[in-house]
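Now for the letters of each chain:
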Amino acid sequence: MILLQATPGSNVSLVLYFGTIGMLALTIGLIVFIIFHQRKVIRYQLRLQRMEQDQQKLLLNASIRLQEEERQRIAADLHDDAGPLLATARLYLNENLVNLDKTTQLQSIYNAKQIIDDTIQLIRNISHSLMPPTLKNFGLESAVNDLFQKISGSGSMNASSRFHDYRERLQAENELIIFRVIQELVNNILKHSNASFIHLTQNTSGEKFFIRLHHDGRGITQNDFNKLNKSNVGLGLKNIQSRLKVLHGKIFFEKDMSQTYYKVTIELIKEEEDKLGEQE
Amino acid sequence: MLEKVTFIFEILSVVFFLCFLKRNKSEGLWVIFLYCVYSVIAELVGVAIARTDAKNLFYFWACYTIAEYTFFAYFFYASFKNKSTRFIPIVGTLIFYGIVSFTFYNRNTQAFDSLSASMEAILMIIYSIVFLYSQITSPEIMYVFNTKKFWIVVATFLYFSSTLFLFLYAAGFTSQEHKSYWIINNVFEILKNTLFCISFAMKKSDNHKNSINTYNPDFL
């Protein structure tokens, strides 16, 4: 400042005018830049919003479609299996009214009883598929172990699970969500991977709760998962995503360090889980 | 003639604030209104002093600069929401008052307090840049140009950056030079007051409605 003030008088007007014009140009430039920059940021944020809306829409559609498919399956089970069984039992009992021969009557009552037993078993199976009793009564660990034993028992695949730190059960609703996610993942592995084994481990680290699935078949990576999530296919994966969203959980698909196994990690925050429980 | 137009625009900004009082309530613009009123009064007093007691014109302008700085510094301090940016006007004010005290005790024959005015201009430019930066980085503000404070700061920024060089040289001006160069100050004073009027007349911004933070992804 002092140096500028010491400039000889003849140059004053030149410096003054150029200085003022320069400062003005800089200021206007800066203001224009801010306005344009903000418009650019707004446009970017709006694009992000729109993308998230689209993603939400896809997830919602997937969960609606899945719900409908589940309903159709239950309806088909009831209509195709329970319906004919009960109709046959009715026929046997009807025959009882017409036929007065005691041995024939006993035979038809016995047949009707058998059919009713089968129907009871069928309805129990449907009910168990809707809500596994092991999960309800003994928790996630037992339900997962049960599921894996069944898979192993079929002989098609070696399945094992190990819960390292599951002394405190999660909220029942959340256990169900996690169980459904595991079911969906296992289902996908059985259907698409051609794996010879699946191994599930559960662990906690601080406030984080992890479930990790390993298998040696064909799998997907996070990039594939993201692509499938954005497309109209991959209904099961979208279902997983929407279920985990409820728990504010994350899922990661990756290849093992040795590039031999595929790894799926479900990550939940225990605190979030508690908060969700309190809200409910 | 230009001086009269400048004065009219100063009065106009006061009138605009009062006319749109409802729109300016609880917007943190009271300090700017007080500054506008003070400017009008100072203009009248300044003319009177220049006619009767020209010797003390230095002190009058120095006092005007102090008051002007204080109004704007308070406005910026109140406008900075971030704690880390709030210390900038505090530090700036300490420096400014230090310089003003120095020029008060070391005054010479000059009629204009160039050092204080230039320092004020530099500090205002810094505050304006910090304010604009904090506005564009805040996720709560979707459209920065929809806020009243944005236009106040643009006015301040334009005025002080355009008059910085004028204030730097003002102490050494002859009366003829003062007459010819002071046009710059008058022109930008008109521009500043016009932008103040725009800001006062603007409808209250409802930026929170459009905020990214309030965006509800569960609208479906």
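Small disclaimer: the values here were computed from a predicted structure and weren't measured.

1. Some thoughts on the overall build of chain B
Helix and strand counts for chain B come out as nine helices and zero strands. Long-range contacts, defined as pairs at least 24 residues apart, comprise 78% of the intrachain contacts of chain B with a sequence gap of at least 6. Carbon and sulfur atoms provide 67% of the accessible area of chain B, an area that totals close to 10,700 Å².

2. Observations regarding the overall build of chain A
Looking only at helices and strands, one finds nine helices and five strands in chain A. When its helices and strands are written in sequence order, chain A yields α-α-α-α-α-β-α-β-β-α-α-β-β-α. On C-alpha atoms alone, chain A measures out to a radius of gyration of 33 Å, which is more than a quarter above the 19 Å that the 2.2 N^0.38 rule sets for 280 residues. The principal-axis extent of the C-alpha atoms belonging to chain A is close to 135 × 45 × 40 Å. Looking at the 280 residues of chain A, the share that counts as buried comes to 34%. Looking at chain A alone, contacts between residues at least 24 apart form 65% of all its contacts between residues at least 6 apart.

3. Side note on the packing of helix H4 (residues 57-79) of chain B against helix H6 (residues 114-137) of chain B
Residue and element names in this part refer to chain B. It is the contact of H4 with H6, at a shortest axis distance of 11 Å, that shows an interaxial angle of 15°. Considering their axes alone, H4 and H6 lie roughly parallel with respect to each other. Considering only the axes of H4 and H6, their crossing is left-handed. Where H4 abuts H6, its residues Thr65, Glu68, Tyr69, Phe72, Ala73, Phe76 and Ser79 lie against Ser116, Ala117, Glu120, Leu123, Met124, Tyr127, Ser128 and Phe131.

4. Remarks on the interface of chain B and chain A
Across the contact, 35 residues belong to chain B and 31 residues belong to chain A. At the junction of chain B and chain A, the tally comes to zero salt bridges. For the pair chain B and chain A, the number of links is one residue pair in polar contact (both at pLDDT 80 or more). For the side of chain B that touches chain A, the secondary structure elements donating two or more residues are H6, helix H7 (148-170) and helix H8 (175-201) of chain B. Sort the elements by how many residues they give to the side of chain B that touches chain A and H7(B) lands first, with eleven residues. Grouping the amino acids of the side of chain B that touches chain A by side-chain chemistry returns 30 nonpolar, four polar and one charged.

5. A word on the state of the cysteines
Residue and element names in this part refer to chain B. As enumerated under the stated definition, the model contains zero disulfides over all chains in all. Here Cys36 stays free of any disulfide, with the sulfur of Cys197 as its closest cysteine sulfur at 7.9 Å. Given a relative accessible area of 2%, Cys36 falls into the buried group.

6. So, the domain arrangement of chain A
Here the domain parsing of chain A yields domain 1 (2-55), domain 2 (61-130) and domain 3 (133-279). Distance between the C-alpha centres of domain 1 of chain A and domain 2 of chain A: 79 Å.

7. Points about the packing of aromatic side chains
All names here are of chain B. Under the criterion given, the structure shown has 28 aromatic pairs over all chains. Between Tyr69 and Tyr127, the ring centres sit 6.3 Å apart and the planes meet at 50°, which makes this aromatic pair tilted. You can see Tyr69 sitting in helix H4 and its partner Tyr127 sitting in helix H6, a full 58 residues away along the chain. Each of the two residues, Tyr69 as well as Tyr127, counts as buried. Here Phe167 and Trp182 contribute two aromatic rings whose centre-to-centre distance is 6.2 Å and whose plane-to-plane angle is 45°, an arrangement assigned as tilted. Of this pair, Phe167 sits in helix H7 while Trp182 is found in helix H8, placing the two residues 15 residues apart along the sequence. Following the ring pairs from residue to residue traces out a cluster consisting of Phe17, Trp30, Phe33, Tyr35, Tyr38, Tyr64, Phe71, Phe72, Tyr159, Phe160, Phe196 and Phe200.

8. Quick notes on the pairing of strand S4 (residues 250-255) of chain A
Residues and elements named next belong to chain A. Relative to strand S5 (residues 262-269), S4 runs antiparallel, the two sharing six bridges. Bridged to Phe253 within S5 is Val264. Between S4 and the antiparallel strand that follows it, S5, lie six residues; Gln259 among them carries a positive phi value of about 65°.

What counts, and at which threshold
Residues numbered from 1 in each chain as written. Chains lettered and ligands numbered in written order. Predicted model: local features only at pLDDT ≥ 70, side-chain atom pairs only at ≥ 80, totals over all residues. Heavy atoms only, no water. Helix = DSSP H or I, 4+ residues; strand = E, 2+ residues; numbered from the N terminus. Contact = heavy atoms within 4.5 Å. Areas by Shrake-Rupley, 256 points an atom, 1.4 Å probe, with all protein chains shown as cover. Rg over C-alpha atoms; globule rule 2.2 N^0.38 Å. Buried < 20%, exposed > 50% of the residue type's maximum accessible area, 1.4 Å probe, protein only. Axes fitted to C-alpha atoms, helices over the stretch in contact; angles between N-to-C directions. Parallel < 35°, antiparallel > 145°, perpendicular 65-115°, else oblique. Left-handed = near helix turned anticlockwise from the far one by under 90°. Salt bridge = Lys/Arg side-chain N within 4 Å of Asp/Glu carboxyl O. Polar contact = N/O pair within 3.5 Å; in protein donor to acceptor, adjacent residues only side chain to side chain. Nonpolar A, V, L, I, M, F, W, Y, C, P; charged D, E, K, R; others polar. Disulfide = S-S within 2.5 Å. Domains from an automatic or database assignment. Phe/Tyr/Trp six-rings, centres within 6.5 Å; stacked < 30°, edge-to-face > 60°. Pairing = 2+ DSSP bridges.

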